[in-house]
Amino acid sequence: MSFISRGFQRRQAPAAPSDRVPPGQYVTRDFPVLSAGPTPRIGLDDWRLELVGEVDQPLSWSWQEFTALPAEEITVDVHCVTKWSKLDTAWTGVPVDALLDGVETSAGFAVAHSYGGYTTNLPLDDLTGGKAWVAYRYDGEPLEPEHGGPARLLVPHLYFWKSAKWLRALELRADDAPGFWEGYGYHNYGDPWREQRYSGD
Amino acid sequence: MARAAVLRRLTWAIAEVVHLVDETPRVRSLTLDVPDWPGHLPGHHIDVRLTAEDGYQAGRQYSIATPTDGTRVTITVERLDDGEVSPYLTDVLEVGDSVELRGPIGGYFVWEPSRGGPLQLVAGGSGIAPLMAMLRARLQARSDVPVRMLLSWRSGEDVIYADELNAVARDATGIEITHTFTRSAPDGWTGRTGRLDREALAELAWTPSERPLAYVCGPTGLVEAVASALVDLGHDPGRVLAERFGPTGG
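From a predicted model like this one, the values you see are computed outputs, not experimental measurements.

1. A word on the sheet that holds strand 2 (residues 27-33) of chain B
Residues and elements named next belong to chain B.
- What the 6 strands build is an open sheet, ordered 4-3-6-1-2-5; its pairing is antiparallel. Strand pairing shows two members of the sheet lacking a second neighbour, strand 4 (57-63) and strand 5 (72-78), which therefore form its edges. Taking the axes of each pair of neighbouring strands and ignoring which way they run, one obtains an average angle of 40 degrees across the sheet.
- Across 7 bridges, the pairing between strand 3 (residues 45-51) and strand 4 is antiparallel. Counted as the bridge partner of D47 is Q61 from strand 4.

2. Observations regarding helix 5 (residues 220-232) of chain B
All names here are of chain B.
- Taking 1.5 Å per residue as the helical rise, helix 5 with its 13 residues ought to reach 18 Å, and the 18 Å between its terminal C-alpha atoms agrees with that figure.
- Of all the residues in helix 5, the buried ones are T220, L222, V223, E224, A225, V226, A227, A229 and L230.
- Looking at the buried side of helix 5, the elements it contacts are strand 7 (119-124), strand 8 (147-155), helix 4 (198-204), strand 11 (213-219) and strand 12 (240-245).
- Remark: G234 follows helix 5 within two positions and exhibits a positive phi of approximately 115 degrees.

3. A short note on the interface of chain B and chain A
- The interface is formed by 44 residues belonging to chain B together with 35 residues belonging to chain A.
- Counting residues per element, the ones that place at least two in the side of chain B that touches chain A are strand 3, strand 4, helix 1 (86-92), strand 6 (98-105), helix 5 and strand 12 of chain B.
- Counted by class, the side of chain B that touches chain A contains 22 nonpolar, 13 polar and 9 charged residues.

4. Here's the deal with the nonpolar core
- Residues A:V134, B:I75, B:L121, B:L131, B:Y215, B:V216 and B:V226 are the most contacted members of the largest nonpolar core, which totals 114 residues.
- When residues of this core are assigned to their parent elements, the largest contribution, 8 residues, is made by helix 2 (residues 128-140) of chain B.
- In contact with B:Y215, other than residues within four places in its own chain, are B:F109, B:W111, B:L121, B:L131, B:M134 and B:L241.

5. Quick look at helix 2 of chain B
Residue and element names in this part refer to chain B.
- For helix 2, spanning 13 residues, the distance from its first C-alpha to its last is 18 Å, which sits close to the expected 18 Å at 1.5 Å a residue.
- Across the 13 residues of helix 2, 10 count as buried, placing the element largely inside the fold.
- Where helix 2 is concerned, the buried positions are I128, A129, P130, L131, M132, A133, M134, L135, A137 and R138.
- In the segment just after helix 2, R142 is the residue with positive phi, at about 50 degrees.

Cut-off values and rules
Residues numbered from 1 in each chain as written. Chains lettered and ligands numbered in written order. Predicted model: local features only at pLDDT ≥ 70, side-chain atom pairs only at ≥ 80, totals over all residues. Pairing = 2+ DSSP bridges. Helix = DSSP H or I, 4+ residues; strand = E, 2+ residues; numbered from the N terminus. Axes fitted to C-alpha atoms, helices over the stretch in contact; angles between N-to-C directions. Expected span 1.5 Å × (residues − 1). Buried ≥ 20, exposed ≤ 12 C-beta atoms within 10 Å, placed from the backbone. Contact = placed C-beta atoms within 7 Å. Nonpolar A, V, L, I, M, F, W, Y, C, P; charged D, E, K, R; others polar. Core = buried A, V, L, I, M, F, W, Y, C linked by C-beta atoms within 7 Å.

Listed below in structure tokens is the structure:
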């Protein structure tokens, strides 16, 4: 440790054991909102979720069809690249595994597309194997628009910008393609435990 | 919108505090000299990292309040009493001290005169910082992009950059600045009070047919309300750019 900030010391006792909080993060109790534009308002009658790209046949769900899929209750910690972590967040969502059930694909990558135009990319392996959901309830209530409702991606093992709000489509791809923040220099993968905040970290 | 992405590795630099300005009782501007600073666009931010003697580290992000100026970078920090980083920056740091930082970060919420306008700037409290970088860049470049700036403050003592804003409002052409106070207005204030709601925006902001580029920055409540109202009024959501900070900005 070479640089010391004169007169700086920890002001708060650690709010959680260190194995719960990745390096450089602090724990918050409220739920900050971060997004780059206005919050899109999508009526449930108009809402659809699509699975497109490198698939044998594109799929699409209406709100009714989507919420009829078997859902799971998930309690996980989420970590935002702007340094806050929120522990034990409780969601209801459909596992991405269930959306991909029976789908033939040779894709290695995915891009999540949102209402409003946001995108984010991740390896397909990070969306499968019980690691990712499309969440539509938070703390027992319908997910509020400012937090990504009607439905958002939930990929808690990566920084939270990968958990695209207002999810509209999952595009499966043979090649990787940077999403919105990734194109502005944020890390392509975004593992909070390896502190992959920006390109080159 | 053209991307200004610079996909290079962001490395930590040790920056010296060269100038401090107490803007309000709670807000301080810090000018830092950053060796090898590559330059930035108005709207970019930096990561600041503090390290205690026992190795404990805490970091936060702060918007840059000035246009690119050699190796000088100025941030404007509001003290959050229960925060860990902001009270250090506002109360402990002195000229001659150093902090670690890296940047510039971002690239979407940025503006430079070549992007044109008209420019609609809307801020709540210390959310003015990145918009001030834009306003200052517009003045420095002697650009004629028309600007309307709407600023929401809790009270008179919370106004940041007050003298500079007053001078700009008085002297600059093509720049209109409107303040509103949501809790208590200064004595003798005959201007606006209350929140920047849909009605206020309909009256004060550029109209949708003028196709402004809108930048909205402040606490989540204000940004949600203003961005939604602009879209409701008919503005293109793709031309409404938002930067939000929550109460835990630290």
